[in-house]
Every structure is written in structure tokens, then in C-alpha cells.
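What follows is the residue order along each chain.
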Amino acid sequence: MEMEKEGGARVIRLKDVEKEYENGTYALRGITLTIEDGEFVFLVGPSGSGKSTIIKLLTGEILPTSGRVVVNGFSLTKISDRQIPLLRRSIGVIFQDFRLIEKKTVYENLSFAMRAVGASPRTIKNRIPYVLKLVGLEEKADQYPYELSGGEQQRVGIARALVNNPITIIADEPTANVDPARSLEIMRLLNRINELGTTVVVVTHERDLVNRFHKRVVLLEDGLITGDGIGYDAK
Amino acid sequence: MQRHDFGYFIHEGVSNLFSHGFMSFAAIGITVACLLIMGTFTLVAYNAEMLLRTLESEYEILAFVDDGCNEAQTKAVGEAIARLDNVKSVEFITREEAMEAFEERNLDEYMRRNILPEMFRDRYAVYVNDLNQVKQTAAAVEAVEGIGEGNVRVDEDIAGGFILVRDVASAVSLALIAILLVVSVFIISNTIRLTTFDRRDEIAIMKMVGATNGFIRWPFVYEGFLLGLLSSLIAFGLQWLVYASVAKGIEAADTLQFLSTVPFSQIWKPVAASFGAAGIIIGVGGSLTAIRKFLQV
Ligand SMILES: Nc1ncnc2c1ncn2[C@@H]1O[C@H](COP(=O)(O)OP(=O)(O)OP(=O)(O)O)[C@@H](O)[C@H]1O
Ligand SMILES: [Mg+2]
């Protein structure tokens, strides 16, 4: 019932969202933003403009000071502790520093993420080869993260975000630690994942990269949305 | 409801345990020591209690009936004594029976020939419930009409020592159980906190992908459970050895013949159950303390 009220189980909706951190920093000053099912959105803006703050709101890591946040049918202002894991299963998160487990192989990193949400060994065995193939790492399944290049490590990060079949993929500067040529590959991969039906939200600094894709760009400045349209220079 | 991935949790728990082999070893060692100390004091208290019960059942106050009493009056005296506080039972002993008993105990021919029933008096053997109150009971018996002052004999205070041992051992074991439980929980919780620290990246990832707190918690609970269980097994074995050898020592010592110990074979079940329960409570308590903070966010 929650879903209908909030306009669908696969939509992200922010309404008049403000965020003041405990130390008094005003990171968001009234954000209203809707991301529909299946969209691909770049979230851009200068350092400190509040991009990561939005991401943390979406994943339930922090709560808004005021306003409403609804993600995939979960209302973040009303969510109970027991529902947080369910919200997070609907989102795959990709980090700029990859956050892989160094002691586990590529395959184990993925199976770890699946096991953590109670996937059966059979599902795991079927799903991982598919996802590894999608990110082009089927050859590297038994390697450790330190044996991979930055771009490859990030593709493992993407595979992990994808492995539990989320509704939304959220990436916070996924190409920041990857060289430019590999960055383009990463973006193309995210684009392909989007084409397969997953909503994708990408935070990035790289204007050139954004301009190579004909996608929606939301520009954030000083905690406010100052632009929203196709292409970086849309405002 | 998510199924309980028992194999996975146990596997993770065991590998946690080995990832800090030395700390786990130390935690087990300290927990074993704590369990042994608690167990030893409890067993001393228990044996003192058992000894006291035997003593209590054998301990008698002798109340000599005034020679002037007729049969009915003597009977009334017995009934009056039986009504007193702390009196468990009263047994009437005639002067003839008393003499026979005396003769049995004193085999000296000369004495035997020279004693007469008239030298003895009818008496009551009074058995009490609580040795602690013998003096008050004796005084009450003395006050009964037909007995009178100076006509009550109280055995020497052999019970006093045991009462002291029992009371001290009970108090100490209670205090120790409280203190050592806290100490053991603290030690185990610190060991597990180390593992959680090692695994903080994994925990962060588990949370990020939507693992429930229960899922994240279980391996650490099993780790604590195993630490506690191992400790209690080792402590039980050692307790057995210690108990058996002390009991044997007491039996062999001439001066300690009056002490009797309950054989371990009679008490091993409750001892094992208590050690197991204490070990598991300590282990699981320790792990829950360790991961409590970890699961917010
Ligand atoms: N935990 C926090 N406590 C207090 N202030 C914070 C916290 N996190 C972020 N901020 C502040 O909130 C503002 C927005 O930060 P945020 O991380 O969202 O920026 P950003 O757009 O992601 O920047 P960047 O591009 O550098 O990553 C900044 O002024 C930052 O200093
Ligand atoms: Mg940021």
C-alpha cells in the first residue's frame, strides 16, 4: 500500500529535502528530484555541493533533517530498522575506492555479497558466471583484487552491486581511481546495465565523460539543484 | 524469513576463532581458570553443607529428667521439649538403656562392676534442625519444667567449624561467581571485538548489500559459543581431576577421617550442566557485548 501511495516501487523521489549535519553544516537546502524506473542520471556538481549526501540519504545511511525521501517503495523518514536491509537489497552501491575484500577472490567477493542476503548455493552458482560475463571478467574469477588493475577492480565492484539483481544502481564517483580510457569502459558498462533495465545514478566530476553520453544530468551547487536536463551544459 | 545458514555461521565462527589463535587461547585459559575457581568454591560449600547435614542428624542434646517425676510427668516433659522451636525429634532413653550404652562404651571391668542403674537418670535425646541455634535450644530445654538448670548437656562445638566453612565458602562462591562471570565475559568480549575489528570491512559490505543484523551477528555468536563451550569442557575435566585427587588425599590422611566427601560420580551431572551453562552464558554474553555497538547504523 505504501508503494501506491508513494508512486511506485521502483521510483526515487525527494521532496523539499534538507540536510544539516550534526556539526551545523548545511549540505542540502531543499532538494526536489524524481528519478523514474529505468532512467540513467548523472549527478554532477562542485566538490562539497552535496552529491554524496544525496547518495547517503538514498541508502539509508543518514536521515534527512526535513523533507521526504522515497526509494523503491521505502519511505526513508518512516523506515524501521528491520526494513533497512530490504531497502538496501533493492540498491546496488558502487564506490570510488571499490571496497573489495582483499582476502577473497573475485568469485568469493561476489558469493559473499549473495550469501549475506541469504541466496542459496545454487542461485549463487548460477548467477555469478552471468554477472562476471556481463562485466567481462569471467577469466578473472579466481584472482585476488590486488592482482587486478583499477579498472578491473571497479568492474568487480559493479558486478557485486549487480549480483543481487537490484532495482537501482548507485555509483559515487566510480571512475575517480581509474585511468581515463578505463573510465569510459566503466561508463559504457553502466550504460549497458541500464539498457538491461536497471535504474542507474552516477555521481561524477568528469564533464567530458558525461558529455559523451546523451543522458539526463542533474547539477547540484551548494546544496541546491541548479540544473536538470539532457547533457552537462543543459542548464 | 531467511533460513539459518548454520554451516556458514559455524564455519565463520571457527575461522574467527583461529584468526586470533593466541587471544582465543588466552580467553579460554582465563575462562577455564574462572570456572575452576567458581566450581571449587561451590563444591567446597556443597561438601561442607553435606557434612553439616550428617552432623545435624546425629547431633543430640541430652536433657536429664528430674528424679522426682513420675511416668506421666516424664512423658509431659518429652512433649514439652518436642514443642520447642528448632527441635526436630525427641527420643526417650531410660536409665537402664543409658547404663547399657555406657557399659558398651567403657569396657573397664572395675567400672562395670561398680555402676548401678541408680547412678543414671532417665533422659531425652533431643535432635535439632539447625545447629546454629543449639545454644538457644539448649537453654529452652533447660527451662522446661522437670528438667531444670544444669541438667542439659550440649556436645562440644564440633559443628561450629563446619558452619563457618560452609558459610564462608557459600558467600565467597557467590561473590566469585558474580565477579568472575563479569571478568570472563569481558575477556571473551574483547577477543571477539578483535575479530569484529578485523572484519569491519566485511561487516560494512554486508550491511551495504542488505544483510540483516542477525546474519552479521551469528558468526560472532557462534565464536563466543565455541569459546565458552571449549572452556567449560576443559574446566570440567580439570575440576574432576582436582576434586578426585583432593578427595583421595582427605581419605588417605589419618587426621581428616571425620571429613567425608561426596564422590564425584554422584555429582558430575549437575557439575557438568553448570559448567556448560556458565561457559555458554559467558561465551554468548561476551560476543553479544562485543558486537552490540557494531550493529547500529
Ligand atoms: N559527516 C559529515 N559531517 C559534517 N559535515 C559533512 C559530513 N559529510 C559531508 N559534510 C559536509 O557537507 C557538505 C556536502 O558534502 P558532500 O560529501 O555531500 O559533498 P560532495 O558533493 O559529495 O563533494 P565531493 O565532490 O568532494 O565528494 C560539505 O560541506 C561537507 O563538508
Ligand atoms: Mg562526494
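Here the residue index of a chain counts from 1 through its sequence in written order. Going through the entries in the order they are written, you letter the chains from A and number the ligands from 1. Since the coordinates come from a predicted model, pLDDT governs what is reported: local features require at least 70, and pairs of side-chain atoms require 80 or more to be given and counted, while whole-chain, interface and lining totals use all residues. To get the side-chain values, take all heavy atoms of the structure and skip hydrogens and water.

Chemist: Explain the overall build of chain B to me, please; I cannot follow it from the model alone.
Modeler: Secondary structure follows DSSP: runs of H or I at least 4 residues long count as helices, runs of E at least 2 residues long count as strands, and numbering of each begins at the N terminus. In terms of regular secondary structure, chain B is built from 10 helices and 4 strands. What you see in chain B, going N to C, is helices and strands ordered as α-α-β-α-β-α-α-β-α-β-α-α-α-α. A compact globule built from 297 residues should have a C-alpha radius of gyration of about 19 Å, whereas chain B, at 31 Å, is more than 25% larger. The cut-offs for exposure are 20% and 50% of the maximum accessible area for each residue type, with area from a 1.4 Å probe on protein chains only; residues under the lower value are buried, those over the upper are exposed, and the others partly exposed. Sorting the 297 residues of chain B into buried and exposed places 41% on the buried side. Any two residues whose heavy atoms approach within 4.5 Å are treated as being in contact. Taking as baseline every contact in chain B between residues at least 6 positions apart, the subset at least 24 positions apart corresponds to 85%. Accessible surface is estimated by sampling points in the Shrake-Rupley manner with a 1.4 Å probe; for residues, cover comes only from the protein chains shown. Counting every atom, chain B has about 16300 Å² of accessible surface; 63% of that belongs to carbon and sulfur. Distance between charge centroids for chain B: 14 Å, based on 23 positive and 35 negative side chains. We compute the radius of gyration over the C-alpha atoms and compare it with the globule rule, which gives 2.2 Å times the number of residues raised to the power 0.38. Here the positive residues are Lys and Arg and the negative ones are Asp and Glu; neither His nor the chain ends is included. We put the charge of a Lys on NZ, of an Arg on CZ, of an Asp on CG and of a Glu on CD.

Chemist: Help me understand the domain arrangement of chain B, please; the structure alone is not making it clear to me.
Modeler: Many authors give the size of an interface as the accessible area that is lost as the parts come together. What fixes the domain bounds is an automatic or database domain assignment. We note that the domain assignment places domain 1 (3-55 + 162-294) and domain 2 (66-150) within chain B. A straight line from the C-alpha centre of domain 1 of chain B to that of domain 2 of chain B covers 52 Å.

Chemist: Explanation requested: the confidence of the model for chain A in the structure shown.
Modeler: Atom-level detail of predicted coordinates should not be read off regions where pLDDT is low. pLDDT is defined as a per-residue confidence score from the predictor, taking values between 0 and 100. The predicted model of chain A averages 92 in pLDDT, with 95% of residues at 70 or higher. Note that residues 1-5 of chain A has pLDDT below 50 and, in this model, 7 contacts with residues that lie over four places away or in other chains.

Chemist: Sorry if this is basic, but what is going on with the packing of helix α5 (residues 121-134) of chain A against helix α6 (residues 150-163) of chain A here?
Modeler: The axes of two packed helices give the description: the angle between them and the distance between them. Residue and element names in this part refer to chain A. Put simply, α5 and α6 touch, their axes get as near as 9 Å, and they point 135° apart. Taken as axis vectors, α5 and α6 run oblique relative to one another. The element α5 and its partner α6 pack so that their crossing is right-handed. Of the residues in α6, those in contact with Arg127, Ile128, Val131 and Leu134 of α5 are Ala159, Leu162 and Val163. Of the residues assigned to the contact of α5 with α6, the class counts are 6 nonpolar, no polar and 1 charged. Axes, fitted as lines to C-alpha atoms, cover a helix only where it is in contact. Angles between the N-to-C directions of the axes lie from 0 to 180 degrees. Here the word oblique covers every angle except those under 35 degrees (roughly parallel), over 145 (roughly antiparallel) and from 65 to 115 (roughly perpendicular). Handedness of each helix crossing follows the sense of rotation of the near helix against the far helix: counterclockwise by less than a right angle gives left-handed, clockwise gives right-handed. Each residue receives one of three labels: charged for Asp, Glu, Lys and Arg, nonpolar for Ala, Val, Leu, Ile, Met, Phe, Trp, Tyr, Cys and Pro, and polar for the others, Gly being one of them.

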